[in-house]
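Tertiary structure, described
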Protein chains: 2
Amino acid sequence: MEKTFERFTLAHGSGGELTSQLLEDGVFKLLQNEYLQKRHDGAVFELSGRLAFTTDSYVVSPLFFPGGCIGDLAVNGTVNDLAMCGARPKFLSLSFILEEGFSKDEFHAILSAIREASATAGVLVVTGDTKVVERGKGDKIFINTSGIGQVHPQAQVDAGNIRPGDRILISGPVASHGMAIMSVREGLAFESQLQSDTAPVHEQVLALLDAFGSDIHFLRDPTRGGVATVLNEIARQTNLGMAITEQQIPLEGQVQSACEMLGLDPLYVANEGIFIAWVSEAVSVAALQQLQALSPPGQQAAIIGKVVTEHPGQVVLQTFIGGRRVVAMPSGEQLPRIC
Amino acid sequence: MEKTFERFTLAHGSGGELTSQLLEDGVFKLLQNEYLQKRHDGAVFELSGRLAFTTDSYVVSPLFFPGGCIGDLAVNGTVNDLAMCGARPKFLSLSFILEEGFSKDEFHAILSAIREASATAGVLVVTGDTKVVERGKGDKIFINTSGIGQVHPQAQVDAGNIRPGDRILISGPVASHGMAIMSVREGLAFESQLQSDTAPVHEQVLALLDAFGSDIHFLRDPTRGGVATVLNEIARQTNLGMAITEQQIPLEGQVQSACEMLGLDPLYVANEGIFIAWVSEAVSVAALQQLQALSPPGQQAAIIGKVVTEHPGQVVLQTFIGGRRVVAMPSGEQLPRIC
């Protein structure tokens, strides 16, 4: 007689019979590969050279949103952090913290999304963990993914390489992920038109590194806190100014409308499928053209500004109407649990 | 004016000013090294050869217990999973899910424990992440640590290498971690005498591999679900029998008393500082002696049984009084949130 269950209990986190059943029926079946097959405490593989290593925990709410769910977000987010190190993502770990009572059907839908996103990104989930906490001590499901990638041989991605005159490239339109989440939370009427941009960006990054090598000075994906936060971090870290032009920032019409309706500045809204590159001036137009040629993701890529010695540590925006204003580091929380 | 705070707010997870402050004041200050120094989305380092990769999320409750806290548990647990792959632990990632309202003082105490445990184990925390969830959607703090290690050149650790006749070694007394946690939860009078065994075991493992190489067939640390669960898993996976002798299983007096008082079988109680090794018969006594020589951790190491072709897939215990009973895989949850 096959044993089934509808909702998670604490016993699914015990390490015993139910944990085993949960793993065999779900994770191992859906994500099977030679590493998981070993059922060991960790995975062993051969890799050599410069490696990248990253981690992120995902607590997004709601779990399912237009354009994705916590599952593909957890894969793409970690894949993209590896890409930001100039690396080709290779291996992921996957760790769940489940709340007692969470539905098995939703869990399986998330696992399926993880499988699909891993296949798309060309990464293998090779090791994992599952814990269950009591009802009211978690929120359905939290996912941690950590990842290992192989750094591109020509990559010299380091904030210390950013120079005055560098151009600031963005690989696509801003604020899509955050507004997709907000549309569900706020029950906006045009909800169905807003889609998260969650997607892996490493192929675009690796193509840039193939073509331009160490002229790609730095990379960062503007997730939590959006473009404004990333630019502020890098301005501070380099003690250089970031001068950007509002008119150049790609923003889709319905995203802009939603931002206006909710009083949100799209520069502070999270993204999950774009990246910012600081590139030497000499290659910036060619790099832009290459990104744009990788359609559709890069069609709306743009040079949004440059690195300057004026206003060190600050981000300054030239507005549509010709004024200039400082884009500050956000001090509070605009959009909790966006990723 | 220096900004301070007593308790976490959602804004500490925003990616903005407060996240930055939190990281600079805490994680980066306490754990500083050349990799964290980069403040990037991931860490880049050189490593070559066979690598081990593992992940675990820690949800232990209470956070502080005799002998340790969630911080050193999260370091040692992942260090030990790497050791179970026959690897020397090298790099850790560290990801926090904090509940709004969690105290900064407790957080700093946990960070200090992480720093100390990392230094003891000789690993570097090189990348991390912090999320904050609303009050009532988490439980103070959950920690994920993932880790990368370098596999010992002579290691051939694979459940597929276990053979009938192999001896089953245990590196120290059982059930200490679980009973330390339970003593706090249940307010037992002898609470102060029960200490978690949380500790890194990789030096013991690497010494065994140095001396006995591929005669060390398999390794597993009996955490959640204890010795009984691990032996059952391996019996099933190999389709061999595990025959163990109650009299040989090292168990400290006060742990035994606590188990009896609470009606718990020590074979099912979690451990965090011991491991089980399946070794070829030929080297088993020498391996035991070597473990015992590595005092204090190994003083109570013991050969607790052997691998047999009888009762395939099952664990059978020869009891003190001479009887034999099957030690089943646990089906329910005995001790939730023990790690």
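Each chain has its residues counted from 1, running along the sequence as written. Note on labels: chains are lettered from A, ligands numbered from 1, in written order. For this predicted model, a pLDDT threshold of at least 70 governs which residues receive local features, and a threshold of 80 or more governs which side-chain atom pairs are given and counted, while totals over whole chains, interfaces and linings are taken from all residues. Side-chain measures were taken over the full set of non-hydrogen atoms in the model, leaving aside hydrogen atoms and water.

1. Examining the domain arrangement of chain A
All names here are of chain A. Where a domain begins and ends is set by an automatic assignment or by a domain database. If you check the domain split of chain A, you get domain 1 (10-151) and domain 2 (159-326). With 22 residues of domain 1 at the contact, the number on the domain 2 side is 24 residues. For any pair of parts, buried area is found by adding up, for both, the accessible area (1.4 Å probe) each one loses once the two are put together. In total, about 1800 Å² of surface goes out of reach between domain 1 and domain 2, with carbon and sulfur atoms giving 62% of it. On the domain 1 side of the contact with domain 2, Pro-66, Asn-80 and Met-84 bury the most area, a combined 34% of that side's loss. The working definition used for a salt bridge is a side-chain nitrogen of Lys or Arg within 4 Å of a carboxyl oxygen of Asp or Glu. Along the contact surface separating domain 1 from domain 2 lie one salt bridge. The closest approach of N and O atoms between Arg-88 and Glu-203, which form a salt bridge, is 3.2 Å. Two N or O atoms form a polar contact when they lie within 3.5 Å of each other; inside protein one atom must be a possible hydrogen donor and the other a possible acceptor, and for residues adjacent in sequence the pair counts only when both atoms belong to side chains. Along the contact surface separating domain 1 from domain 2 lie eight residue pairs in polar contact (both at pLDDT 80 or more). Contact criterion: two residues are considered in contact whenever any of their non-hydrogen atoms come within 4.5 Å of each other.

2. As for the pattern of salt bridges
Per the stated rule, a full pass over the model turns up 26 salt bridges over all chains. With its nearest N and O atoms 2.8 Å apart, the salt bridge here joins Asp-129 of chain A to Lys-131 of chain A. With a shortest N-O distance of 2.7 Å, Glu-134 of chain A and Arg-337 of chain B are connected by a salt bridge. Of this pair, Glu-134 of chain A sits in the loop between β5 (124-133) and β6 (141-151) while Arg-337 of chain B sits in the segment after β13 (324-327), which puts the two residues in different chains. Every helix listed is a DSSP run of H or I at least four residues long, and every strand listed is a run of E at least two residues long, numbered separately from the N terminus.

3. Focus: the packing of aromatic side chains
Stacked, tilted and edge-to-face are the three classes assigned to paired rings of Phe, Tyr and Trp, where Trp is represented by its six-membered ring and a pair needs centres within 6.5 Å; plane angles under 30 degrees give stacked, over 60 edge-to-face, the rest tilted. Applying the stated criterion across every chain yields a total of 18 aromatic pairs over all chains. Between the aromatic rings of Tyr-35 of chain A and Phe-45 of chain A, the centroid separation amounts to 6.3 Å while the plane-to-plane angle is 85°, which identifies the pairing as edge-to-face. Of the two residues, Tyr-35 of chain A is situated in the loop between α1 (17-31) and β1 (43-58) and Phe-45 of chain A in strand β1; the sequence distance between them amounts to 10 residues. Grouping residues by exposure puts Tyr-35 of chain A and Phe-45 of chain A together as buried. On the basis of an interplanar angle of 75° and a centroid distance of 5.5 Å, the ring pair of Tyr-35 of chain B and Phe-91 of chain B is categorised as edge-to-face. Here Tyr-35 of chain B is found in the loop between α1 (17-31) and β1 (43-58), whereas its partner Phe-91 of chain B is found in strand β4 (residues 87-99), with 56 residues between them in sequence. Think of it in three bands: residues with accessible area under 20% of the maximum for their type are buried, residues over 50% are exposed, and the middle band is partly exposed, with areas taken using a 1.4 Å probe on protein chains only. The class of Tyr-35 of chain B is buried, set by a relative accessible area of 17%. Given a relative accessible area of 7%, Phe-91 of chain B falls into the buried group. Members of the aromatic cluster, connected to one another through ring pairs, are Tyr-35, Phe-45, Phe-53 and Phe-91 of chain A together with Tyr-35, Phe-45, Phe-53 and Phe-91 of chain B. Cation placement over rings: the criterion is NZ of Lys or CZ of Arg within 6 Å of the ring centroid and within 35° of the ring normal. Sitting above the plane of the Phe-28 of chain B ring, Arg-39 of chain B keeps its charged end 3.8 Å from the centroid.

4. Regarding the sheet that holds strand β8 (residues 216-220) of chain A
Residues and elements named next belong to chain A. Strands qualify as paired when DSSP identifies two bridges or more between them. Spatial strand order, β8-β10-β7-β11-β9-β12-β13: seven strands in an open sheet with mixed pairing. In the strand order of this sheet, the two ends are held by β8 and β13 (324-327), each with one partner. Each strand axis lies, on average, 25° off the axis of its neighbour in the sheet, ignoring direction. Bridging between strand β9 (residues 241-245) and strand β11 (residues 302-308) involves four bridges; their strand directions are antiparallel. Among the inter-strand pairings, Gly-241 is bridged to a residue of β11, identified as Val-308. Under this scheme, a helix contributes an axis fitted over its contacting stretch, all axes are lines through C-alpha atoms, and angles between N-to-C directions fall in the 0 to 180 degree range. Packed on one face of the sheet, helix α8 (residues 281-293) meets β7 (167-170), β10 (276-279) and β11 and runs near 10° to β7.

5. Observations concerning the pairing of strand β8 (residues 216-220) of chain B
Residue and element names in this part refer to chain B. Within β8, five of the five residues are buried, leaving the element largely enclosed by the surrounding structure. As paired strands, β8 and strand β10 (residues 276-279) are joined by four bridges and run antiparallel to one another. Residue Ile-216 lies in a different strand from β10, and its bridge partner there is Val-279.

6. Description of the relation of the copies chain A and chain B
The copies were overlaid with a least-squares fit restricted to C-alpha atoms from residues scoring a pLDDT of at least 70 in each copy. Turning chain A through 180° and shifting it by 0.0 Å along the axis lays it on chain B, with an RMSD of 0.0 Å. Accordingly, the operation relating the two chain copies is best matched by a two-fold axis. Comparing contact sets, 100% of the residues at the interface of chain A also lie at the interface in chain B, consistent with an isologous, same-surface contact.

7. Points about the sheet that holds strand β9 (residues 241-245) of chain B
Residues and elements named next belong to chain B. Read across the sheet, seven strands follow the order β8-β10-β7-β11-β9-β12-β13 without closing on themselves; strand pairing throughout is mixed. Every interior strand has two partners, whereas the edge strands, β8 and β13, have only one. Between one strand axis and the next, the sheet turns through 25° on average, direction left out of account. Bridging between strand β7 (residues 167-170) and strand β11 (residues 302-308) involves four bridges; their strand directions are antiparallel. For Leu-169, the partnering residue across the bridge sits in β11 and is Ile-303.

8. Observations regarding helix α4 (residues 176-186) of chain B
All names here are of chain B. Among the 11 residues of α4, eight are classified as buried, and the element is accordingly described as predominantly covered. In the core, the buried residues of α4 are packed alongside β2 (64-65), α2 (70-84) and α7 (253-262). Looking one or two residues beyond α4, the residue adopting positive phi is Gly-187, at roughly 60°.

9. Things to note about the interface of chain A and chain B
Taken together, the contacts link 78 residues of chain A with 78 residues of chain B. When the two sides are added together, the surface that chain A and chain B hide from each other amounts to roughly 6100 Å², 53% of it contributed by carbon and sulfur. It is Asp-41, Phe-53 and Arg-224 of chain A that lose the most area in chain A upon contact with chain B, and together they represent 13% of the buried surface on that side. On inspection of chain A and its partner chain B, the count reaches 12 salt bridges. When the shortest N-O distance is used, the salt bridge between Asp-158 of chain A and Lys-38 of chain B registers 2.5 Å. Viewed at the interface, chain B and chain A are joined by 43 residue pairs in polar contact (both at pLDDT 80 or more). When contributions to the side of chain A that touches chain B are tallied by element, the ones reaching two or more residues are α1, β1, α2 (70-84), β4 (87-99), β5, β6, β8 and α6 (226-238) of chain A. A per-class count over the side of chain A that touches chain B returns 30 nonpolar, 27 polar and 21 charged. Bridge count for β1 of chain A against β1 of chain B is 11 bridges, and the pairing is antiparallel. Considered in β1 of chain B, the bridge of Arg-50 of chain A is made with Glu-46 of chain B. Throughout, the ten residues Ala, Val, Leu, Ile, Met, Phe, Trp, Tyr, Cys and Pro are labelled nonpolar, Asp, Glu, Lys and Arg are labelled charged, and all others, Gly among them, are labelled polar.

10. A word on empty space enclosed by the protein
Using a grid of 1 Å spacing that covers the protein atoms alone, one calls a set of points a cavity when a 1.4 Å probe fits there but cannot get out, and a pocket when the set is open and has protein on both sides within 12 Å along at least five of seven lines; lining residues are those with an atom within 4 Å of a point. Grid points are joined across faces, edges and corners, and a volume is the space filled by probe spheres set on the points. Across all of its chains, the model carries three cavities of 30 Å³ or more by this definition. In this structure, the largest cavity spans a volume of roughly 70 Å³. Lining the largest cavity are 13 residues; nearest its centre among them are Arg-224, Glu-333, Pro-336 and Arg-337 of chain A together with Gly-13 of chain B. The class makeup of the residues in the lining of the largest cavity is seven nonpolar, two polar and four charged. What lines the second largest cavity is simply Gly-13, Lys-131 and Val-132 of chain A together with Val-59, Arg-224, Glu-333, Leu-335, Pro-336, Arg-337, Ile-338 and Cys-339 of chain B.

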